[in-house]
Amino acid sequence: MCGIIGILGDEEVAPRLLDALKRLEYRGYDSAGMATLEHGRIERRRSPGKIRNLEQLLRAQPLTGVAGIAHTRWATHGAPNERNAHPHKSGPVTLVHNGIIENFRDLRAELQAAGHSFESETDSEVIAAQIASGVQTGLAPGDAVKAAVARMRGAYAIAVLFEGEPDLLVGARRGSPLVAGFSENEAFLGS
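Here the structure is a predicted model, which means the values were calculated and not measured.

Asks: Is there a simple way to explain helix α5 (residues 141–151) in this structure?
Replies: Helical periodicity: at 3.6 residues per turn, an α-helix aligns residues three or four positions apart in one direction. The set of residues buried in α5 consists of P141, A144, V145, A148 and V149. Mapping the buried residues of α5 onto a view down its axis gives an arc of 125 degrees, with all of them on the same face. Residues of α5 that are exposed and angled more than 90 degrees away from the buried face: K146 and A150. Buried residues along α5 sit against α4 (123–136), β7 (154–162) and β8 (170–174).

Set out below in structure tokens:
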């Protein structure tokens, strides 16, 4: 079962996201990944296999930033490899996803017909592309998420970061759990 975590705060999030992923290890997974917003741009690291592989990658290629999302994946669409590992990125949108999008093939075909190309085999990347398409047509980030999820069938929870939006972490859910938490200077999402 997939696990997602998102943190928006005022101190570096990568070590805390990694710690949160380690707490989810008992659930089973085949890959792990993380993305942070650094100086207005999203940087991500993904790795097949155990979280320790991601941890080694982060030692070699650290992430900074005070906003981030992380994920452990249990494959439903696509092989367990780096290309299919989360977070998925499309244009200014990066997301992690827990669940399954039943109509992703139809949505993917629409996006491909409009000229979008995909790097993964996942339903999750289709969500990112749907949201990015909304942003490209002029929708505000939150409205782009609403428009995308209105078209999706299935059970899911998502956490989304947007390039150039340092104070924004968007979550949405249908059927899958998603918990939001707040402190004085931070916001959290988890599923």
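Additional details are given in the paragraphs that follow.
Asks: Explanation requested: the sheet that holds strand β10 (residues 187–190) in the structure shown.
Replies: In any sheet, the strands associate via hydrogen bonds between backbone groups, in a parallel or an antiparallel arrangement. Strand order in this open sheet of 6 strands is β3-β2-β4-β1-β10-β9, and the pairing throughout is antiparallel. On the outer flanks of this sheet lie β3 (41–48) and β9 (179–182), each paired with one strand and no other. Averaged over neighbouring strand pairs, the angle between their axes works out to 10 degrees when direction is ignored. Bridge analysis of strand β2 (residues 31–38) against strand β4 (residues 67–73) gives 6 bridges, and the strand direction is antiparallel. Residue pairing for β4: T36 is matched across the bridge by G68. In the packing of helix α1 (residues 14–23) onto the sheet, the strands contacted are β1 (3–8), β2, β4 and β10, and the crossing angle to β2 comes to about 160 degrees.

Asks: In this structure, what is going on with the pattern of salt bridges? I would like to understand it.
Replies: Side chains that differ in sign of charge can pair as their charged atoms come close. Scanning all chains against the criterion turns up 11 salt bridges. A salt bridge links E55 to K22; the nearest nitrogen and oxygen atoms lie 2.8 Å apart. Of this pair, E55 sits in helix α2 (residues 51–60) while K22 is found in helix α1, placing the two residues 33 residues apart along the sequence. K22 gets classed as partly exposed once you look at its relative accessible area, which sits at 35%. Each of E11, R16 and E186 takes part in salt bridges that share partners, so that together they form one network.

Calculation criteria
Residues numbered from 1 in each chain as written. Predicted model: local features only at pLDDT ≥ 70, side-chain atom pairs only at ≥ 80, totals over all residues. Heavy atoms only, no water. Buried < 20%, exposed > 50% of the residue type's maximum accessible area, 1.4 Å probe, protein only. Helix = DSSP H or I, 4+ residues; strand = E, 2+ residues; numbered from the N terminus. Arc of directions from axis to C-beta. Contact = heavy atoms within 4.5 Å. Pairing = 2+ DSSP bridges. Axes fitted to C-alpha atoms, helices over the stretch in contact; angles between N-to-C directions. Salt bridge = Lys/Arg side-chain N within 4 Å of Asp/Glu carboxyl O.

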